[in-house]
Amino acid sequence: QVQLVESGGGLVQAGGSLRLSCAASGRTFSSYAMGWFRQAPGKEREFVAVISWTGGSTYYADSVKGRFTISRDNAKDTVYLQVNSLKPEDTAVYYCAADRSFKNLITGGVDYWGKGTQVTVSS
């Protein structure tokens, strides 16, 4: 089992920034690819970003490319999502996810999910 706990969400004005964190515990964090998803009210959960277990490979949804950056610190069992130039349409609950497959983290068929952290962007 892998337990994931997100933090860092909040209310921010358009154009602002936040740094989301996801702390992992349980099985060996460094053997898992990690990802972020988000779900806006009334919409399905969507992929945001993924990072390989080494941190050497990343992939982003087109909607966030150039504005969001995913990173990880395997010594701290933590993955981060730096979100910049926020827009009202970025408002959503952001979920952390873990899976041994980088590809699964893009498609959403992952093994472990956190409970989410709310990001609200005001215009």
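Just so it is clear, the model here is predicted, and its values are computed rather than measured.

Cut-offs applied
- Residues numbered from 1 in each chain as written.
- Predicted model: local features only at pLDDT ≥ 70, side-chain atom pairs only at ≥ 80, totals over all residues.
- Heavy atoms only, no water.
- Pairing = 2+ DSSP bridges.
- Helix = DSSP H or I, 4+ residues; strand = E, 2+ residues; numbered from the N terminus.
- Axes fitted to C-alpha atoms, helices over the stretch in contact; angles between N-to-C directions.
- Buried < 20%, exposed > 50% of the residue type's maximum accessible area, 1.4 Å probe, protein only.
- Contact = heavy atoms within 4.5 Å.
- Phe/Tyr/Trp six-rings, centres within 6.5 Å; stacked < 30°, edge-to-face > 60°.
- Lys NZ or Arg CZ within 6 Å of the ring centre and 35° of its normal.

Chemist: Which parts of the structure should I look at to understand the sheet that holds strand 1 (residues 2-7)?
Modeler: Through backbone hydrogen bonds, the strands of a sheet pair up, either in parallel or in antiparallel fashion. Read across the sheet, 4 strands follow the order 1-3-8-7 without closing on themselves; strand pairing throughout is antiparallel. At either end of the open sheet lies a strand with only one pairing partner, and these are strand 1 and strand 7 (68-73). The sheet shows a mean angle of 20° between the axes of neighbouring strands, taken without regard to direction. Relative to strand 8 (residues 78-83), strand 3 (residues 18-26) runs antiparallel, the two being bridged by 6 bridges. Looking at the pairing, Leu18 lines up with Val83 of strand 8.

Chemist: Looking at this structure, I do not really get the environment of Trp113. What am I missing?
Modeler: With respect to the element layout, Trp113 can be found in strand 10 (residues 112-113). Given the relative accessible area of 28%, Trp113 is considered partly exposed. When sequence neighbours within four positions are dropped, the list of residues in contact with Trp113 reads Leu4, Phe37, Arg45, Tyr95, Cys96, Ala97 and Gly108.

Chemist: Where do I start with the pairing of strand 4 (residues 33-39) in this structure?
Modeler: Consecutive side chains of a regular strand alternate in pointing toward one face of the sheet and then the other. Burial of strand 4 is extensive: 6 of the 7 residues sit out of reach of the surface. Where strand 4 meets strand 9 (residues 92-99), 7 bridges bridge the pair, whose relative direction is antiparallel. Bridging from a neighbouring strand, Trp36 pairs with Cys96 of strand 9. Taken together, the 5 bridges between strand 4 and strand 5 (residues 46-51) define a ladder with antiparallel strand orientation. Residue pairing for strand 5: Phe37 is matched across the bridge by Phe47. From the end of strand 4 to the start of strand 5, which pair antiparallel, there are 6 residues, and Gly42 there has a positive phi angle of about 75°.

Chemist: Just to check I follow, could you spell out the packing of aromatic side chains for this structure?
Modeler: The description of an aromatic ring pair rests on the distance of the ring centres and on the angle between the ring planes. By the definition in use, this model includes 4 aromatic pairs. Note on Phe47 and Tyr59: the rings are 5.9 Å apart at their centroids and 25° apart in plane angle, and the pair reads as stacked. Within this pair, whereas Phe47 is found in strand 5, its partner Tyr59 is found in strand 6 (residues 58-60), the two being separated by 12 residues in sequence. Overall, Tyr59 belongs to the partly exposed group, its relative accessible area being 40%. Taken together, the aromatic side chains of Phe37, Phe47, Tyr59 and Trp113 make up a single cluster linked through ring pairs. Above the plane of the ring of Tyr80 lies Arg19, whose end atom (NZ or CZ) is 3.9 Å from the centre. Above the face of the Trp113 ring, Arg45 is positioned so that its terminal group lies 3.7 Å from the ring centre.

Without other data, these values stay purely geometric and don't point to any function.
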